[in-house]
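# Fold and geometry: a report
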2 protein chains.
Amino acid sequence: MSPVPAGKENHASIKKPVFTLETMNKNVVNVQYAVRGELALRAEAIKEELQAGKKLAFDKVIHCNICNPQQLDQQPITFFRQVAALTEYPELMRDPKKIEGLFPKDAIERAQTLLKGFKTLGAYSHSKGVPYIRQRIAEFIERRDGFPSDPEDIFLTSGASSGVLLVMQLLIENSNVGVMLPVPQYPLYTAACSLFDAKTVSYALDEENDWALDVNEMRTRLHEARAQGTDVRALVVINPSNPTGHCMKYENMKQVVEMCHEEGLLLMVDEVYQENVYDKQARPFHSFKKVVRSMGEEYSDFELISFHSVSKGVAAECGRRGGYFELAGIDPRVNAQLYKLASVSLCPNISGQFMLDLVLNPPQEGDPSYELFHKETTDIFSSLKRRSEKLCAALNKLEGVSCNKATGSMDLFPQIRLPEKAIKKADEQGKKGDEFYAMEMLNAIGVCVVPGAGFKQKAGTHHFRTTVLPP
Amino acid sequence: MSPVPAGKENHASIKKPVFTLETMNKNVVNVQYAVRGELALRAEAIKEELQAGKKLAFDKVIHCNICNPQQLDQQPITFFRQVAALTEYPELMRDPKKIEGLFPKDAIERAQTLLKGFKTLGAYSHSKGVPYIRQRIAEFIERRDGFPSDPEDIFLTSGASSGVLLVMQLLIENSNVGVMLPVPQYPLYTAACSLFDAKTVSYALDEENDWALDVNEMRTRLHEARAQGTDVRALVVINPSNPTGHCMKYENMKQVVEMCHEEGLLLMVDEVYQENVYDKQARPFHSFKKVVRSMGEEYSDFELISFHSVSKGVAAECGRRGGYFELAGIDPRVNAQLYKLASVSLCPNISGQFMLDLVLNPPQEGDPSYELFHKETTDIFSSLKRRSEKLCAALNKLEGVSCNKATGSMDLFPQIRLPEKAIKKADEQGKKGDEFYAMEMLNAIGVCVVPGAGFKQKAGTHHFRTTVLPP
C-alpha cells in the first residue's frame, strides 16, 4: 500500500474500518461449514474444461455431493405444483371452464380449501404459522403415531434448518452447555453449537453394526463430558440418518429414550428423512414421539423436539423452505419464548406452509389426482431404492471400499481404506486422506462426493458421503 | 402439586426438566417483542362479542396495528401472480393454445426467463441467492442510483428482517458493542440488540422538525455513550421511517453520512419503504448508497449495508418472505463470513427470490401487461396517499392529538397529550398513558393501534402508531 500522502493524515482518512474479520463475532468465525470447498471449485473448473472441448476420461461431472433432487432433474409432483399455481393466482379459478383440462378437480378444491384457511400467499401469517396448517399437521402426526398432537406445540419454519437454529439459540444458556451429536452427522448441528457457543459431545455411530446407535458408547461419552464439568443438556439424533442411510430399529430407539430419561437429556430428533425408507415392512420408520408415548405414563413429561421438512421425501421441494417442529413435554414458557423469537422474523413463507399441507396430506385413493400421484411417487421411490442398492453393491466391489446397505435417506457413507502410499501422498499435499481420495475420484472419473471429514468420522477412519440421486 | 407417592422417589421421577425458562438463553428472555399484547387479545375478544350479536358503538374492529396490506384486502399485482403461477407449474406453458386468454405474452416470457435463470422453484439455490437474480438486482440498483453495483455484494434473504438479524449476529462481537437506534423505531432493531447482547444507544428523531434526523442530537448521544465506555460501532437509519412516515431530505442524509465517516460508524439502512413516498417530485426517495457515492473519492471506503424487501411498496407480498441486502465498502472477509453463515440455513425460498426480480423489474410501457400494472399500482399509491392525508387531518382535529404529515411509508405516529386525569387513571390500572389511550380507543370506537411504547418514544411523550391501510 502506498503511504498516506502529505496533508491527508486527518482523523477521517486514518480511521480503520469498523466491520472486519478481526472485529466481528468470533463464534461466527469459528463455525465450520464448507460452502465452496476445494472440491466444488475443482468440479466447476473441470466443467469449464469440458465445455471448452478438453478431452477427459469422462464427458460430464456427476454431482453426488448435494442432496438437491430437483436440481438433478427429479421432476416435482404434479398435484403439488398444480395446487401451488392455483393459490398463486386464484383468478384462474374464477371461470372453471377456462381451466378445464388444465387442472383436476381435486387440485382446484384443495387450492380453495387452503385459501379458505388463509386467504393469500401475500400476507404475514401468525408467527408460528397459519393455524389451519398447524391443525392439519397435528392431524397428520396423530394419524402417523396414534397419539394426540396439539397445534399449539407446532411451529412452522423456513425449512428444518431454521427450526434447529431457533431451538438451539434458546437452548444454549452459556458456553458450558453441552450437546451430544452423532459422528458422522449432518454438519448443521456442529455449526449451530459453534454459532451459539456450546460444547459438542460426540458419540460414534456403530459402523460395525449397520450404523446403529450404541447406548453404551453414548453413556460413556456423556459421563466423560460431565466428569470434565460440561453441563450436557441435549442429545441430537438424526433418523433416518444423514449421512449413513441407517433407519433406526424400534428397540434401539427405546434404549435411547430410556437413556435420555435417566440422564435428564432433552432429545432433539431430525426426522426429515422419515418418508425415505426403502422397506416399509421390514424396516419401517417410527417417530420418536410414538416411541416415547408408547412407553407409558412414566415418560409423559419426556422432553422431545422433532423436526420435519418438505425438502426430502418424494416431494423434494428444497427451494420451498418449508418445515416444522413439534414440541412434546416442553415447558409452556419455553413455547412462549420460541413464539416471541419467531415473531421477530414475522413468519415463514406462506407457500412453504401450504406445501407442508400438501406433502403431509397427499391425494388419496379415489381422488382424481391419485393415479398420477401414485405413479410419480412410486417411480421416484423405486428409482431411489434401486440406485442406492446398485451404488452400494458397486462400492463394495471396489478394492479398499466397504459400505453398509442403506435402509433409508438418500445417502451412503462408504469407508475407504487407503494404502500407506496414498496417505503419504495426501500428507505431502497437506490434505486429509479422504479429501485426497475424493479429489482423485473427481479428477479420474468426474464423480463429485463429499469427504467424510465434512461430516466428522471416527479418528483413523476415512469415508465419503455420496447421494444416490444422479441417474 | 401433590407430594411424590411413596416408592416413587427414584432418580428419574425427581429429575427436573432440562429446558425451561430458568435454564434457557437469557438474551432471548430479554428480547422485548410484543406479539400478543393485551390490546390484540382485547381486539379478538371484541370480535367474538360482535359475532355473538353483542351491540356495541361500532360493528367491526378496524385493524390499524399491522402493516399487512393483503390481509386487509389489498389485491396482489396481477402480473406478479401470473408469473408466479407459471413458474410453479411450467407444464402450463407447454401448449400455449391452452392458456390463451389466461396469461399475457410478457408474463409467459418472464416466467421462461426466470426458469432459464434457475430451473425450478424446488431446488436449493446458491446460499446468497440465485446468481441471475442477484445480477438483476444489481442492475436495478445501478438504474436507481447511477452507480455500479456488484452481484457478489448482494445477499438474498427471507425478508428484510432475516437479513438484519444475520448482519447483527456477525456485527456484535461482545456485550460492550453499541448500536445507535432511532426513537421511535421499528422494534426489530432493539430486539436484535437484546438477542445478540449489544448495547443500544438511542437517538431521538426530531418531532418538531417533521421527524427529521438531528445530527447534533446524534453526536451528543454517541459521545455520551463512548464516554461511558460503550464501543459504539454502527448506526441504524430507517428511511422512509417506520413508524413516523418521514422520508429524509438529501441534505439531512449527507449530514448523517459525514457524521458516520468522521466518527467511524458502520451505517445500516432499512430502505424497505423506498417505493412508498407520496410525492416523488417534491420529496423523492434517495438511497444512502447514491448519497455516499455522490460524495466522492474520500467516501469510497464508507461502510454501508442497505436492506430492501418485497413486503412493502405496491407489491406488499409480505407472506412471500423475499428480501435482500447490499454491502458497500465492507471487508470482503466479512462478505465471506456472511456467506458461510447464510449457507448454514441453505438458501432463501426461491419464490421470494423470483418475486424480487418481478418487483424490481416490473412491466414497462409498451409491454402487454403494462396498462393493467399501471392502473393497479396507481390505484394503490393514490389510495394510500389519500388515506394518509385524510387520517392525518382527522387526527389533527382531535383534541390533544397532533400528527406530522407523512412523506412516505404506510404509517403515522401521532402524539397524544393526555389530561392529568387520564394519566392518573392509567397509573391506577398499572398501564402507561399510551397503552391506556389505545385501549380506550379500541373499546370506544373499535380501532386497534399500537401504543407508542412499542416503538419507543421520547420520555414524557405519548404516541401511537397507526397504519393507513384499512379503507
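Data block above holds the structure.
Quick summary incoming for the structure in this document. These figures come from a predicted structure and were not determined experimentally.

### Comments concerning the overall build of chain A
Assigned secondary structure in chain A consists of 16 helices and 14 strands. Expected size for 471 residues packed as a compact globule is a radius of gyration near 23 Å; at 24 Å, chain A falls within 12% of this value. For chain A, the C-alpha atoms occupy an extent of roughly 70 × 70 × 60 Å along the three principal directions. The proportion of buried residues among the 471 residues of chain A is 60%. Approximately 19500 Å² of chain A is accessible, and the part contributed by carbon and sulfur atoms is 52%. One finds the centroid of the 56 positive side-chain charges in chain A at a distance of 5 Å from the centroid of its 60 negative side-chain charges.

### Here's the deal with the relation of the copies chain A and chain B
Between the two copies, chain A and chain B, the superposition gives an RMSD of 0.0 Å; the rotation angle is 180° and the shift along the axis is 0.0 Å. On the angle and the small slide along the axis, the relation comes out as a two-fold axis. Rotation axis and chain A: the residue whose C-alpha lies nearest the axis is Ala85(A), separated from it by 2.1 Å. Looking at the interface residues of chain A, 100% of them are also at the interface in chain B, so both copies use one shared face.

### Let's talk about the interface of chain A and chain B
On the chain B side, the residues contacting the 95 residues of chain A number 95 residues. Summed over both sides, the interface between chain A and chain B buries roughly 8100 Å², with carbon and sulfur atoms accounting for 59% of that surface. Between chain A and chain B we count 8 salt bridges in total. The partner of Glu88(B) in a salt bridge is Arg320(A), with the nearest N and O atoms 2.5 Å apart. Here chain A is connected to chain B by 50 residue pairs in polar contact (both at pLDDT 80 or more). Looking at the side of chain A that touches chain B, the elements with two or more residues in it are helix 1 (11–14), helix 2 (26–30), helix 4 (78–88), helix 7 (159–171), helix 8 (188–195), helix 10 (250–263), helix 12 (332–344) and helix 13 (350–360) of chain A. Broken down by element, the residue count for the side of chain A that touches chain B peaks at 8 residues, all from helix 12 of chain A. The residue inventory of the side of chain A that touches chain B, partitioned by class, reads 47 nonpolar, 26 polar and 22 charged.

### Focus on the pattern of salt bridges
Within this structure, the stated rule accounts for 58 salt bridges over all chains. A salt bridge links Lys375(A) to Asp379(A); its shortest N-O distance comes to 2.6 Å. Taken together, the positions of Lys375(A) and Asp379(A), both in helix 14 (residues 370–397) and 4 residues apart, correspond to about one turn of that helix. Judged by relative accessible area, which is 38%, Asp379(A) ranks as partly exposed. Between Arg136(B) and Asp357(B) there is a salt bridge, with the nearest N and O atoms lying 2.6 Å from each other. Of this pair, Arg136(B) sits in helix 6 (residues 131–145) while Asp357(B) sits in helix 13 (residues 350–360), and the two are 221 residues apart along the sequence. Across the pair, exposure class does not vary: Arg136(B) and Asp357(B) are buried alike.

### Here we look at the nonpolar core
The biggest cluster of nonpolar side chains holds 234 residues, and the ones touching the most others in it are Phe19(A), Phe103(A), Phe19(B) and Phe103(B). With sequence-adjacent residues up to four places away left out, Phe19(A) is seen in contact with Met24(A), Val167(B), Leu170(B), Leu171(B), Leu266(B), Glu303(B), Ile305(B), Ile330(B), Asp331(B) and Val334(B).

### Overview of the sheet that holds strand 3 (residues 177–183) of chain A
Residues and elements named next belong to chain A. The strand order 2-8-7-6-5-3-4 describes an open sheet built from 7 strands, whose pairing is mixed. Each having just a single partner strand, strand 2 (154–157) and strand 4 (199–204) make up the two edges of the open sheet. Within this sheet the neighbouring strands show an average axis-to-axis angle of 20°, counted without direction. Bridge count for strand 2 against strand 8 (residues 323–328) is 4 bridges, and the pairing is antiparallel. Bridging across to strand 8, Thr157 finds its partner in Gly323. Against the sheet, helix 9 (residues 215–227) contacts strand 3, strand 4 and strand 5 (231–238), and its axis sits at roughly 155° relative to strand 4.

### Let's talk about the sheet that holds strand 14 (residues 464–467) of chain A
Residues and elements named next belong to chain A. Taking strand neighbours across the sheet as the criterion, the 3 strands line up as 10-14-13 in an open arrangement whose pairing is antiparallel. Looking at strand neighbours, the two that pair on one side only are strand 10 (411–412) and strand 13 (450–451), the edges of this open sheet. Summarising the sheet, strand 10 and strand 14 pair through 2 bridges and their orientation is antiparallel. Among the inter-strand pairings, Leu412 is bridged to a residue of strand 14, identified as Thr466.

### Quick word on helix 9 (residues 215–227) of chain B
At 3.6 residues per turn, the α-helix brings residues three or four places apart onto the same side. All names here are of chain B. Spanning 13 residues, helix 9 covers 18 Å between terminal C-alpha atoms, matching the ideal 18 Å at 1.5 Å per step. Among all positions of helix 9, only Val215, Glu217, Met218, Leu222 and Ala225 are buried. All buried residues of helix 9 project into a common sector of 155° when viewed along the axis, lining one side. Exposed side chains of helix 9 directed beyond 90 degrees from the buried face belong to Asn216 and Ala227. Where helix 9 is buried, its residues touch strand 3 (177–183), strand 4 (199–204), strand 5 (231–238) and helix 10 (250–263). Measuring from the backbone nitrogen of Asn216 back to the side-chain oxygen at the start of helix 9 gives 2.9 Å, which picks out Asp214 as the cap. After helix 9 finishes, the residue Gly229 shows a positive phi value of roughly 100°.

### Points about the packing of helix 9 of chain A against helix 10 of chain A
Describing two packed helices takes the angle between their axes plus the distance from one axis to the other. All names here are of chain A. One can describe the packing of helix 9 onto helix 10 by two numbers: an axis separation of 10 Å at closest approach and a directional angle of 20°. By the criterion of interaxial angle, the relationship of helix 9 to helix 10 is roughly parallel. Considering how the two elements wind past one another, helix 9 and helix 10 form a crossing that is right-handed. The segment helix 9 lies against helix 10, with Val215, Met218, Arg219, Leu222, His223 and Arg226 engaging Gln255, Val256, Met259, Glu262 and Glu263.

### Overview of the environment of Asn276(B)
All names here are of chain B. You can see Asn276 is positioned in the loop between strand 6 (266–270) and helix 11 (288–294). The class of Asn276 is buried, set by a relative accessible area of 2%. Separated by 38 residues in the primary sequence, Asn276 and Val314 have C-alpha atoms spaced 7.8 Å apart. The contact partners of Asn276, leaving out residues within four places of it in the chain, are Pro240, Lys312, Gly313, Phe381, Leu384, Thr407, Gly408, Ser409 and Met410. Only 2.8 Å separates the side chain of Asn276 from the backbone nitrogen of Gly313, close enough to count as a polar contact.

### A closer look at the side chain of Arg134(A)
Relative to the helices and strands, Arg134(A) is located in helix 6 (residues 131–145). With near-sequence residues (within four places) excluded, Arg134(A) lies in contact with His126(A), Lys128(A), Gly129(A), Pro151(A), Glu152(A), Ile154(A) and Leu156(A).

### Notes on helix 10 of chain A
Residues and elements named next belong to chain A. Helix length check: helix 10 (14 residues) gives 20 Å between terminal C-alpha atoms against 20 Å at 1.5 Å per residue, within 8%. Regarding helix 10, the residues found buried are Asn252, Met253, Val256, Val257, Met259, Cys260, His261 and Glu263. Of the residues flanking the end of helix 10, it is Gly264, one or two places downstream, whose phi is positive at about 70°.

### Focus: unusual backbone geometry
Leave glycine aside and you will find that most residues have negative phi; peptide bonds, for their part, are mostly trans. Pro184(A) follows Val183(A) through a cis peptide bond whose omega is 0°. In this structure, Pro184(A) sits in the loop between strand 3 and helix 8. In this structure, Pro240(B) follows Asn239(B) across a cis peptide bond, with omega equal to -10°. Mapped onto the secondary structure, Pro240(B) falls in the loop between strand 5 and helix 10.

### Notes on the packing of aromatic side chains
For the coordinates displayed, the defined rule picks out 16 aromatic pairs over all chains. Between Tyr299(A) and Phe302(A), the aromatic rings sit 6.4 Å apart at their centres with planes inclined by 40°, giving tilted as the arrangement. Accessibility classification places Tyr299(A) together with Phe302(A) in one group, the buried group. Ring geometry for Phe80(B) versus Phe373(B): centroids 6.0 Å apart, planes at 50°, classification tilted. Residue Phe80(B) is found in helix 4 (residues 78–88), and its partner Phe373(B) is found in helix 14 (residues 370–397); the two are separated by 293 residues along the sequence. Overall, the relative accessible area of 2% leaves Phe80(B) in the buried class. Members of the aromatic cluster, each reached through a chain of ring pairs, are Phe155(A), Phe307(A) and Phe325(A). It is Lys128(A) that lies over the ring of Tyr339(A); its NZ or CZ is 5.7 Å from the centre.

What counts, and where the lines are drawn
Residues numbered from 1 in each chain as written. Chains lettered and ligands numbered in written order. Predicted model: local features only at pLDDT ≥ 70, side-chain atom pairs only at ≥ 80, totals over all residues. Heavy atoms only, no water. Helix = DSSP H or I, 4+ residues; strand = E, 2+ residues; numbered from the N terminus. Rg over C-alpha atoms; globule rule 2.2 N^0.38 Å. Buried < 20%, exposed > 50% of the residue type's maximum accessible area, 1.4 Å probe, protein only. Areas by Shrake-Rupley, 256 points an atom, 1.4 Å probe, with all protein chains shown as cover. Lys, Arg positive; Asp, Glu negative; His and termini not counted. Charge placed at Lys NZ, Arg CZ, Asp CG, Glu CD. Least-squares fit on C-alpha atoms with pLDDT ≥ 70 in both. Contact = heavy atoms within 4.5 Å. Buried area = accessible area lost by both parts, 1.4 Å probe. Salt bridge = Lys/Arg side-chain N within 4 Å of Asp/Glu carboxyl O. Polar contact = N/O pair within 3.5 Å; in protein donor to acceptor, adjacent residues only side chain to side chain. Nonpolar A, V, L, I, M, F, W, Y, C, P; charged D, E, K, R; others polar. Core = buried A, V, L, I, M, F, W, Y, C linked by side-chain atoms within 4.5 Å. Pairing = 2+ DSSP bridges. Axes fitted to C-alpha atoms, helices over the stretch in contact; angles between N-to-C directions. Expected span 1.5 Å × (residues − 1). Arc of directions from axis to C-beta. Parallel < 35°, antiparallel > 145°, perpendicular 65-115°, else oblique. Left-handed = near helix turned anticlockwise from the far one by under 90°. Phe/Tyr/Trp six-rings, centres within 6.5 Å; stacked < 30°, edge-to-face > 60°. Lys NZ or Arg CZ within 6 Å of the ring centre and 35° of its normal.

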